[in-house]
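# Secondary and tertiary structure notes
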Amino acid sequence: HDSVGGSYPQFVLYANVDDIITTANLQRVPFESALRLVTSDSAVGNRKTGQSPPSVLTLGLVWASSRPPKEQLSHMLDLIDERLDLAKVIGAPDGASAPAQLVGLVCYQASHYCAIVRDEESGTWRQFDDTAVTVVGESWLDVRFKCHSSRYQPALALYQNTREPAFGGGAA
């Protein structure tokens, strides 16, 4: 895909974890609003006016430490929403909503990365870790528990625009 004609199939947005937590706590706003507030400058700088929300939003979570305090990790995991409106995070040309679903995480722990991905066929979350693929569970709560108990830091969160075709499922 290219960006000709307003098409923007992928988009990466970086946000500082401390800023997200502070903004969500002080302003008592939902996750998507906290993201909008802490990334407004970078989001505007990376998007062209009039573009539709992307097919996939990759949220890069910037941590101050490779070993954050357990409370900070817990708070961030509690804030991450399974669903959000891309229009509320990065805007939309017509102001229409753009619902998105969390479909995957790339997590870091002790110089090691793993991926936790939603398998739409089975309805489960699966962890891909080097040579092993295991089922984490059926719900986002199961994923949060796995991340809490294993001290996995989400480094990337992938949100799929639910108004776009599923991965690999687009028509030619």
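Residues numbered from 1 in each chain as written. Predicted model: local features only at pLDDT ≥ 70, side-chain atom pairs only at ≥ 80, totals over all residues. Heavy atoms only, no water.

### Description of the pairing of strand 8 (residues 153-161)
- Counting buried residues along strand 8, 7 of its 9 residues qualify, which places the element largely inside the surrounding structure.
- Of the strand pairs in this sheet, strand 2 (residues 56-62) and strand 8 are connected by 5 bridges, and their pairing is antiparallel. Residue Thr-58 lies in a different strand from strand 8, and its bridge partner there is Leu-158.
- Bridge count between strand 4 (residues 99-108) and strand 8: 8 bridges; the pairing is antiparallel. Counted as the bridge partner of Tyr-108 is Gln-153 from strand 8. (Buried < 20%, exposed > 50% of the residue type's maximum accessible area, 1.4 Å probe, protein only. Helix = DSSP H or I, 4+ residues; strand = E, 2+ residues; numbered from the N terminus. Pairing = 2+ DSSP bridges.)

### Some remarks on a nonpolar patch on the surface
- Taken together, the side chains of Val-12, Tyr-14 and Val-62 define a hydrophobic patch exposed on the protein surface, amounting to about 270 Å² of accessible area.
- With respect to the helices, strands and loops of the structure, Tyr-14 is situated in strand 1 (residues 10-16).
- Overall, Tyr-14 belongs to the exposed group, its relative accessible area being 54%. (Patch = residues over 30% accessible without salt bridge, like charges linked within 9 Å, V, L, I, M, F, W, Y side chains within 5 Å. Areas by Shrake-Rupley, 256 points an atom, 1.4 Å probe, with all protein chains shown as cover. Salt bridge = Lys/Arg side-chain N within 4 Å of Asp/Glu carboxyl O.)

### What to know about the packing of aromatic side chains
- Scanning the model with the defined rule gives 2 aromatic pairs in all.
- Both rings, one in Trp-125 and one in Trp-140, keep their centres 6.0 Å apart while their planes meet at 50°; by these two values the pair is tilted. Here Trp-125 is found in strand 6 (residues 124-129), whereas its partner Trp-140 is found in helix 5 (residues 140-150), with 15 residues between them in sequence. Here the two residues Trp-125 and Trp-140 agree in accessibility, since each one is buried. (Phe/Tyr/Trp six-rings, centres within 6.5 Å; stacked < 30°, edge-to-face > 60°.)

Take it as geometry only, folks, not as evidence of what the structure does.
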